[in-house]
Amino acid sequence: GRLATKPLTQALPKRLLGNILREGLPETRAAVGTGKTLAEEALKRGVKGTENQIFTKATANIKQLENTLDTLFSTSDKAIPINKIKNAVKPLIQKYTQAGDLTAVNSITNRLANLEATHGKTIPIAVAQNVKRTFYQELANDYSVLKSAEKEGLKTIARGFKEGIESKIPQVKPINKEL
């Protein structure tokens, strides 16, 4: 309506903005983080403009951050040892083993075995980043196909990659936080 074409300001209520700016795109979700709307994030950051302008700024910022990450990874010869990921997942595997949930244990261990069979004992940082993104996309696109234990396994593996990448290239951590 009429309000969507006027510049948005800090004075507009969050509720109104939430109704105007409902974006379901994965890029927007990545830009504003889990549990926040684009409108809330725009208010917090003092971003002003029309709905289109705010969305365009958000997606441009995401693309810029992604390009920075791509540059960091493409110039790196570092790798993530698969054992680092296995160690990150070990407490979860023990938890499900003790609880007798062999389905969850098998799901997690099979996923790790497949990663190792595909990539070997170490995974180059750029590949690790793509694997991490794939896991997070799989979780985000999950329509309750995965059981909660399997989801927790995927989250833990993805977090292991994230922490491994950040330990190898510290400049990645603030970018990941922004995304």
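Note that this is a predicted model, so its numbers are computed, not measured.

Trainee: Describe in detail the overall build of the protein, supporting the description with residues and values.
Mentor: Scanning the protein for helices and strands turns up ten helices and two strands. Scanning the protein from its N terminus toward the C terminus, one meets helices and strands in the order α-α-α-α-α-β-α-α-β-α-α-α. Of all 179 residues assigned to the protein, the portion counted as buried reaches 36%. Sequence-distant contacts, at least 24 apart, represent 70% of the contacts inside the protein between residues at least 6 apart. For the protein, the exposed surface amounts to about 10600 Å²; the carbon and sulfur share of it is 53%.

Trainee: Describe the environment of Glu41, naming the residues involved and giving the relevant values.
Mentor: Here Glu41 shows up in helix H4 (residues 38–45). C-alpha of Glu41 to C-alpha of Ala58: the two residues are 17 residues apart in sequence and 9.6 Å apart in space.

Trainee: Can you explain helix H7 (residues 102–119)? Please cite residues and give values.
Mentor: With 18 residues, H7 extends 25 Å between its outermost C-alpha atoms, agreeing within 8% with the 26 Å of an ideal straight helix rising 1.5 Å per residue. Turning to H7, its buried residues number three or more, namely Ala104, Val105, Ile108, Leu112, Leu115 and Glu116. One face of H7 carries all of its buried residues, which in axial projection span an arc of 105°. Within H7, the exposed residues directed more than 90 degrees away from the buried face are Leu102, Ala117 and Thr118.

Trainee: Talk me through the nonpolar core; I want residue IDs and the actual numbers.
Mentor: If you look at the biggest cluster of nonpolar residues, it comprises 31 residues, and the most contacted ones within it are Ile108, Ile157 and Phe161. For this core, the secondary-structure elements that each account for two or more residues are helix H5 (51–74), helix H6 (82–98), H7, helix H8 (125–140), helix H9 (148–168) and helix H10 (172–178). Sequence-distant contacts of Phe161, defined by excluding residues within four places in its chain, comprise Ile85, Leu115, Ile123, Ala128, Val131 and Lys132.

Trainee: How would you sum up the pattern of salt bridges? Please name residues and give values.
Mentor: Using the criterion set out here, one finds five salt bridges in the structure. In this structure, the salt-bridge partner of Arg133 is Glu66, at a minimum N-O distance of 2.1 Å. With Arg133 in helix H8 and Glu66 in helix H5, the pair connects residues that are 67 residues apart, well separated along the chain. Judged by its relative accessible area of 23%, Glu66 is partly exposed. Its salt-bridge partner being Glu166, residue Lys162 comes within 3.8 Å of it at the nearest N-O pair. Taken together, the residues Lys162 and Glu166, both in helix H9 and four residues apart, mark about one turn of the helix.

Trainee: Could you give an account of the side chain of Asn176, with specific residues and numbers?
Mentor: Mapped onto the elements, Asn176 comes out in helix H10. Sequence-distant contacts of Asn176, defined by excluding residues within four places in its chain, comprise Leu69, Lys132, Lys162 and Glu166.

Thresholds applied
- Residues numbered from 1 in each chain as written.
- Predicted model: local features only at pLDDT ≥ 70, side-chain atom pairs only at ≥ 80, totals over all residues.
- Heavy atoms only, no water.
- Helix = DSSP H or I, 4+ residues; strand = E, 2+ residues; numbered from the N terminus.
- Buried < 20%, exposed > 50% of the residue type's maximum accessible area, 1.4 Å probe, protein only.
- Contact = heavy atoms within 4.5 Å.
- Areas by Shrake-Rupley, 256 points an atom, 1.4 Å probe, with all protein chains shown as cover.
- Expected span 1.5 Å × (residues − 1).
- Arc of directions from axis to C-beta.
- Core = buried A, V, L, I, M, F, W, Y, C linked by side-chain atoms within 4.5 Å.
- Salt bridge = Lys/Arg side-chain N within 4 Å of Asp/Glu carboxyl O.

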